[in-house]
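As a plain string of letters, each chain reads:
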Amino acid sequence: MQTQKKSTRPFDPQDTYPCPVCRTGQIATMPMMEALACNFCQHIFIASAEKQSLKMADRSPPVTWHWNGKQWIGAHLEGVEFGWAYFAAAIGLIFLPTTLLGLSAYYFPPVPGSRLSWLPSAWTGLAFLSHLGIVLWLVIEFYQFPLLTYFRAWGRRTARRAQMEIQRR
Ligand SMILES: [Zn+2]
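This report concerns the structure included in the present document. (Residues numbered from 1 in each chain as written. Predicted model: local features only at pLDDT ≥ 70, side-chain atom pairs only at ≥ 80, totals over all residues. Heavy atoms only, no water.)

1. Quick word on the packing of aromatic side chains
Here the structure, examined in full by the defined rule, presents eight aromatic pairs. Plain terms: the ring middles of Phe95 and Phe128 are 5.8 Å apart, the flat faces sit at 45° to each other, and that makes the pair tilted. Remark: Phe128 occurs in helix H3 (residues 119-143) and Phe95 occurs in helix H2 (residues 84-107); sequence separation between them is 33 residues. Residue Phe95 is classed as partly exposed on the basis of its relative accessible area of 41%. In this structure Phe128 comes out as partly exposed when scored by relative accessible area, which is 27%. Ring centres 5.3 Å apart and planes at 85° place the aromatic pair Tyr106 and Tyr107 in the edge-to-face group. Overall, the relative accessible area of 61% leaves Tyr106 in the exposed class. When its relative accessible area of 58% is taken as the criterion, Tyr107 is described as exposed. (Phe/Tyr/Trp six-rings, centres within 6.5 Å; stacked < 30°, edge-to-face > 60°. Helix = DSSP H or I, 4+ residues; strand = E, 2+ residues; numbered from the N terminus. Buried < 20%, exposed > 50% of the residue type's maximum accessible area, 1.4 Å probe, protein only.)

Listed below in structure tokens is the structure:
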């Protein structure tokens, strides 16, 4: 019983929590304010203790997370199983067009030495990269992992550290 109580706890706005956006910083209530802020990516959140939810206030459309007692669950992920069907579909989307193009290039080879003989293989490579890109983009959207925000915050932290190094000298 004791360990169970420790491992899960209800969300309390007075506490600090891991930031669901950058997964690096801590979010805590700002003094004299209702909102919470992250000390790493500096995003602002509005929390609701009765709904056990956290809403990103400085992004539109706002993203919502729910506290499950241990961690933040993205609204998109609620009730969604990231199953094998999605995985198979993603693999199919990447490899099916590539394979078809590759096979047609293999069975109907261009006339060697002709001006466009490089085209089928280049086209096959391009198809692979573009479909891989689509799948990666979908995964990032699905998990709501704001890559740009993360890299911006990381850059800011590195810059701040470098500045401190200079001041110390
Ligand atoms: Zn953050």
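And the narrative resumes.
2. Some thoughts on the pattern of salt bridges
Scanning the entire structure with this criterion turns up one salt bridge. The partner of Arg9 in a salt bridge is Asp15, with the nearest N and O atoms 3.3 Å apart. (Salt bridge = Lys/Arg side-chain N within 4 Å of Asp/Glu carboxyl O.)

3. Structural notes on a nonpolar patch on the surface
Taken together, the side chains of Leu116, Trp118, Leu119, Trp123 and Leu126 define a hydrophobic patch exposed on the protein surface, amounting to about 560 Å² of accessible area. With respect to the helices, strands and loops of the structure, Leu126 is situated in helix H3. (Patch = residues over 30% accessible without salt bridge, like charges linked within 9 Å, V, L, I, M, F, W, Y side chains within 5 Å. Areas by Shrake-Rupley, 256 points an atom, 1.4 Å probe, with all protein chains shown as cover.)

4. Quick look at the pairing of strand E6 (residues 64-67)
Alternating residues of E6 divide into Trp65 and Trp67, all buried, and Thr64 and His66, none buried. Of the pairings in the sheet, the one linking strand E5 (residues 53-56) to E6 comprises three bridges and is antiparallel in character. Across the sheet, the residue bridging to Leu54 is Trp65, located in E6. Relative to strand E7 (residues 72-74), E6 is paired through three bridges, and the arrangement is antiparallel. Note on E7: the bridge partner recorded for His66 is Ile73. In sequence, E6 turns back onto E7 through a hairpin of four residues, with Gly69 there showing a positive phi of about 100°. (Pairing = 2+ DSSP bridges.)

5. As for the nonpolar core
Grouped together as the largest cluster of nonpolar side chains are 18 residues, with contacts concentrated most on Cys19, Ile27, Cys38, Phe45, Trp65 and Trp72. Of all the secondary-structure elements, those providing two or more residues to this core are strand E3 (36-38), E5 and E6. For Trp72, the residues in contact, after removing those within four places along its chain, are Phe11, Tyr17, Pro18, Pro20, Ile27, Gln52, Ser53, Leu54, Trp65, His66 and Trp67. (Core = buried A, V, L, I, M, F, W, Y, C linked by side-chain atoms within 4.5 Å. Contact = heavy atoms within 4.5 Å.)

6. Topic: H2
The first and last C-alpha atoms of H2 sit 32 Å apart over 24 residues, in line with the 34 Å expected at 1.5 Å per residue. In H2, a bend of some 30° at Phe95 exceeds every other bend along the element, and Pro97, a proline, comes one to four places later. Turning to H2, its buried residues are Ala90, Ile94 and Thr98. (Expected span 1.5 Å × (residues − 1). Bend = angle between axes of the 7 residues up to and from the residue.)

7. Considerations on the sheet that holds strand E4 (residues 44-48)
Read across the sheet, seven strands follow the order E1-E2-E3-E4-E5-E6-E7 without closing on themselves; strand pairing throughout is antiparallel. Across the chains shown, the open sheet's two edge strands, defined by having one partner strand only, are strand E1 (17-18) and E7. Pairing geometry for E3 and E4, over two bridges, is antiparallel. Residue pairing in the sheet places Leu36 in a bridge with Phe45 of E4.

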